[in-house]
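Results of the structural survey
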Amino acid sequence: MALSPAVANLVEEYKRFNKTTMNELFALDNNRAEKYTIEFEDLIFDYSKNRFDDKVLSALIKLAEEHNLKNRINDMFTGKKINVTENRAVLHTALRNFSDTPIYVDNVDVMPEIRRVREKMKTFSEAVRNGTFRGFTGKKLTNIVNIGIGGSDLGPYMVTAALKKYWAKDIKCYFISNIDGTACAEVLNEVNPEETLFIVASKTFTTIETLTNARTCRDWLVKALGEQAVANHFVALSTNTKAVAEFGINTDNMFEFWDFVGGRYSLWSAIGLSIALAVGYDNFEALLKGAEAMDNHFKTAPLDKNIPVIMALIGIWYNDYYNIHRYGVIPYDQYLKFLPSYLQQLDMESNGKSVRLDNKKITDYATGPALFGGAGTDVQHSFFQLLHQGTEPVPVDFIIPAVSQNENGKHHEILLANILAQAEALMKGKTTDEAAAELRAAGKDEATIEKLKLNKSFDGNRPSNMFIINQLTPYNLGMLIAMYEHKVYTQGVIWEIDSFDQWGVELGKQLALKILPELENGVTANHDSSTTRLINKVRTIRAKAVTKAA
Ligand code: F6P
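Here's a quick rundown of the structure. In this text, all values refer to a predicted model and were calculated from it rather than measured experimentally.

A tally of regular secondary structure across the protein chain gives 22 helices and 13 strands. Looking at the protein chain as a whole, 51% of its 550 residues qualify as buried. Contacts in the protein chain between residues far apart in sequence, at least 24 positions, make up 73% of those at least 6 positions apart. For the protein chain, the computed accessible surface area is about 24900 Å², with 52% contributed by carbon and sulfur atoms. Within the protein chain, the 67 negative side-chain charges are centred at a point lying 4 Å from the centre of the 61 positive side-chain charges.

Put into structure tokens, the structure is as follows:
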């Protein structure tokens, strides 16, 4: 395909620029850090440690303009059906709209319904927390068990963990997602039926993992307290009223959301009920308001001062011009340890696509990178070796609050020193001469120096973004999450893909449904020889184990 003017320009920019190192750029411009930092409310975003100069940045901005990014942002916020393969609007932003602005889908203002469900969540979460809504035997419901998977799990799981400091003292949250019976068994071993509220969270209410886990929990509860107890111990979060009723949950105990809320964008909806229960509705609302602040920034800031847009463009620069298809997110905050898993779904399920909006297969550029990460400093002692000395660079997002919620002696200063040192080390590197000089100063002989100096050198020039928030509050967390959502959308716009469908998860589901009866009754379908052989092997092992157990 012929290159568009903006892409052709970027190809030329890459040829001009790609040998330039960040050390050179910093040496040339004392002002670089200030110039390439955006401060927004409690957030500092320093993107100066990336491989670009003014010309590259303006070429990237032109790429965004070529894709009419400003209009496309407006399309999302105003309810245009931008999820084209499912013919749906994409309005997670409406869930955190606290303005009076109506938002229309098919000529209907969705805001009154959104406000109604918010109010219902407030009333219910307060009633559970203050003990007005109780379990069947009159006990306070203090164990909250969210049963869901993917977007109906990862968001609330990550946010409740991130806001642990805000939990009510007597409330405990559990999450069951995996179909592996162990997930259910381990939680049920810990909770007491009389004090447990199960939240069945499923947008479609057809997901096999969630429904199987929910049935197991329901049976467990009914066995302990009887069928009548279900109404006090089960609520549903879904878009599918009929399926909720069929499952045996009273639809009065259902909190609705709508098909304009994508699973991985749903923590702001009723799917956030476990958050409201754990941290209180006011803190849940603060989370929404933080996201709303980022929404307003994304909508109104000029492209070159727009945090999600800059993040997206830098990501595209590495992905499509440097051909680096990996991306690390490293929060230096124990409370944010699940953020990378959450972002994995957000980013990879949204932008792991290879069909364009014009229905053509993508053959000449790359879309979403593989995202991974973990909490610092732990990961410094696991995969950071590859980040520093592997053959390919991995662009990294570093995230840290300036003030910890657990300030204790020197802990947080050591943490801060580490994050700043890692970003500096990745960029600066260490030459073989520097490594040799260090070895010499340590008294090593020349043969040892010769043997070790290359191993002890670092190429450097490895890029990173630095995000510093004042403190990890619900509001600031909302801002951070929304920032990533908008980065993902911006990249989807530029890659011309639908960031809001997920057809890629379907094939495996279909085949699992075929294989399931074959594990019991023997292979009937026409599989490849590997799959057939593995099914038979597993059948033999299980048959023996069951005979033994009997
Ligand atoms: O894995 C596919 C997916 O559809 C995700 O997009 C979604 O978050 C998850 O399954 C759960 O779906 P549901 O909420 O409908 O149970």
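Here we come to the site of the ligand. If you check the shell around the ligand, you find 13 residues, and the closest are Gly151, Ser152, Ser202, Thr204 and Thr207. Residue Ser202 places a side-chain N or O atom 2.6 Å away from an oxygen atom belonging to the ligand. Thr204 places a polar side-chain atom, nitrogen or oxygen, 2.6 Å from an oxygen atom of the ligand. A breakdown of the residues in the shell around the ligand according to their chemical character gives two nonpolar, nine polar and two charged.

As a further point, take the sheet that holds strand 1 (residues 37–40). With respect to topology, six strands assemble into an open sheet ordered 1-2-13-12-10-11, the strand pairing being mixed. Across the chains shown, the open sheet's two edge strands, defined by having one partner strand only, are strand 1 and strand 11 (370–373). Here the strands of the sheet are splayed against their neighbours by 15° on average, with no regard to which way each runs. Here strand 10 (residues 326–331) runs beside strand 11; their pairing, made up of four bridges, is parallel.

So, about helix 21 (residues 506–521). The first and last C-alpha atoms of helix 21 sit 24 Å apart over 16 residues, in line with the 22 Å expected at 1.5 Å per residue. Where helix 21 terminates, the next one or two residues include Gly522, which has phi positive at roughly 100°.

On to the pairing of strand 2 (residues 43–46). Direction of pairing for strand 1 relative to strand 2: antiparallel, over a ladder of four bridges. What sits directly across from Glu39, in strand 2, is Ile44. What sits between strand 1 and strand 2 in their antiparallel hairpin is a turn of two residues, with Glu41 showing a positive phi close to 50°.

For the rest of this paragraph, the subject is a nonpolar patch on the surface. There is a patch of nonpolar side chains on the surface, built from Ile208, Leu513 and Leu516 and spanning about 300 Å² of accessible area. For Leu516, the location among the structural elements is in helix 21.

Within the structure shown, the criterion is met by 28 aromatic pairs. Relative to Trp317, the ring of Phe17 has its centre 6.4 Å away and its plane inclined at 50°; by these criteria the two rings are tilted. Highlighted residues: Phe17 in helix 1 (residues 5–17) and Trp317 in helix 14 (residues 307–321), separated in sequence by 300 residues. Accessibility expressed as a relative area gives 1% for Phe17, which makes it buried. With relative accessibility at 1%, the residue Trp317 sits in the buried group. Ring geometry for Tyr265 versus Phe500: centroids 5.2 Å apart, planes at 55°, classification tilted. Taken together, the residues Tyr265 in the loop between strand 9 (254–256) and helix 12 (273–279) and Phe500 in the loop between helix 20 (474–495) and helix 21 connect sequence positions 235 residues apart. Like Phe500, Tyr265 is buried. Ring-pair connections join several aromatic residues into one group, and the members of that group are Tyr14, Phe17, Trp317, Tyr318, Tyr321 and Tyr322. Sitting over the ring of Phe98, Lys289 keeps its end group 4.7 Å from the ring centre.

The rules behind the values
- Per-chain numbering applies: the sequence of each chain, read as written, is numbered from 1 onward.
- Thresholds applied to this predicted model are a pLDDT of at least 70 for local features of residues and 80 or more for the giving and counting of side-chain atom pairs; totals over whole chains, interfaces and linings are not thresholded and use all residues.
- The side-chain numbers reported here are obtained from all heavy atoms of the structure, hydrogens and water having been left aside.
- Secondary structure is summarised from DSSP: a helix means a run of H or I of at least four residues, a strand means a run of E of at least two, and numbering begins at the N terminus for each.
- Note on classification: 1.4 Å probe, protein chains only; a residue is buried when its accessible area is under 20% of the maximum for its type, exposed when over 50%, partly exposed between these limits.
- Contacts between residues were defined by any pair of non-hydrogen atoms, one from each residue, lying within 4.5 Å.
- A 1.4 Å probe and the Shrake-Rupley method give the accessible areas. Residues count as covered only by the protein chains that appear here.
- The positive count covers Lys and Arg only, the negative count covers Asp and Glu only, and His and the chain ends enter neither.
- The atoms used to mark charge sites are NZ of Lys, CZ of Arg, CG of Asp and CD of Glu.
- A molecule or strand has a residue near it when one of that residue's heavy atoms lies within 4 Å.
- As used in this structure description, the phrase polar contact means that two N or O atoms lie within 3.5 Å; if the pair is within protein, one of them must be able to donate a hydrogen and the other to accept it, and residues adjacent in sequence are counted only when both atoms belong to side chains.
- Only Asp, Glu, Lys and Arg are considered charged, only Ala, Val, Leu, Ile, Met, Phe, Trp, Tyr, Cys and Pro nonpolar, and every remaining residue, Gly among them, polar.
- Strand pairing follows a simple DSSP-based rule, namely that at least 2 bridges must link the two strands.
- With axes taken as lines fitted to C-alpha atoms, and helix axes fitted only over the stretch in contact, angles between N-to-C directions fall between 0 and 180 degrees.
- Take the number of residues in a helix, subtract one, and multiply by 1.5 Å to get its expected span.
- Each patch is assembled from residues with relative accessible area greater than 30% and no salt bridge, linking like charges that lie within 9 Å and nonpolar side chains (Val, Leu, Ile, Met, Phe, Trp, Tyr) that lie within 5 Å.
- Salt bridge, as used here, is a side-chain nitrogen of Lys or Arg placed within 4 Å of a carboxyl oxygen of Asp or Glu.
- Pairing of aromatic side chains here covers Phe, Tyr and the six-membered ring of Trp, requires ring centres within 6.5 Å, and sorts the geometry by plane angle: under 30 degrees stacked, over 60 edge-to-face, intermediate tilted.
- Whether a charge sits over a ring comes down to the Lys NZ or Arg CZ being within 6 Å of the ring centre and within 35 degrees of the ring normal.

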